[in-house]
Amino acid sequence: MFGDMMNMMGKLKETQKKVEDTKKRLDTVLIDEHSNDSKVKVTLTANRTIKTIEISEDLLTDKEQLEDYLIITLNKAIEKATSVNEAELAAVAKEGMPNIPGMDMFK
């Protein structure tokens, strides 16, 4: 039993390292999103850090319209990045979970 416990602890440490490595890798995964008419384009990492924002010249004269475009486009990009982030981290966590009776939450 003690050997099983040590094996489980080792596997958990290994999984923790893999999760940290995955988080670092997600800083390099870029998510591109644009408004329907491509007047606003944003790029962010899968860790939801904004990298670039491109704005069409014709939006610069209408502050309210620009704000609306930014909100909609950024929210879509954040939603995509969150999906990628959660899927990647869940896959790593599931892979590294020890087989503990009653802890089958990832099935």
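Whatever comes next refers back to the structure up there.
Right, let's walk through the structure included here.

Here is what the cut-offs are and how they apply
Residues numbered from 1 in each chain as written. Predicted model: local features only at pLDDT ≥ 70, side-chain atom pairs only at ≥ 80, totals over all residues. Heavy atoms only, no water. Helix = DSSP H or I, 4+ residues; strand = E, 2+ residues; numbered from the N terminus. Buried < 20%, exposed > 50% of the residue type's maximum accessible area, 1.4 Å probe, protein only. Contact = heavy atoms within 4.5 Å. Areas by Shrake-Rupley, 256 points an atom, 1.4 Å probe, with all protein chains shown as cover. Salt bridge = Lys/Arg side-chain N within 4 Å of Asp/Glu carboxyl O. Patch = residues over 30% accessible without salt bridge, like charges linked within 9 Å, V, L, I, M, F, W, Y side chains within 5 Å.

Section: the overall build of the protein chain
In terms of helices and strands, the protein chain carries 2 helices and 3 strands. Along the protein chain, helices and strands appear, N-terminal first, in the series α-β-β-β-α. By residue count, 25% of the 107 residues in the protein chain fall in the buried class. The long-range share in the protein chain, meaning contacts at least 24 apart out of those at least 6 apart in sequence, stands at 53%. For the protein chain, the computed accessible surface area is about 7700 Å², with 56% contributed by carbon and sulfur atoms.

Topic: the pattern of salt bridges
Once their charged atoms are close, side chains differing in charge can pair, the charge on each being opposite to the other. Taken as a whole, this structure holds 8 salt bridges when the rule is applied. Where Lys18 meets Glu14, a salt bridge forms, and the shortest distance between an N and an O atom there is 3.5 Å. Pair noted here: Lys18 and Glu14 are both in helix H1 (residues 2-26), with a separation of 4 residues, about one helical turn. Here Glu14 falls in the partly exposed class, since its relative accessible area comes to 47%. Its salt-bridge partner being Lys23, residue Glu20 comes within 3.9 Å of it at the nearest N-O pair. Here Glu20 and its partner Lys23 are both found in helix H1, 3 residues apart, which amounts to about one turn of the helix.

Overview of a nonpolar patch on the surface
A surface patch of nonpolar side chains, amounting to about 330 Å² of accessible area, comprises Ile50, Ile53, Ile55 and Leu60. For Leu60, the position within the fold is in the loop between strand E3 (50-55) and helix H2 (63-96).

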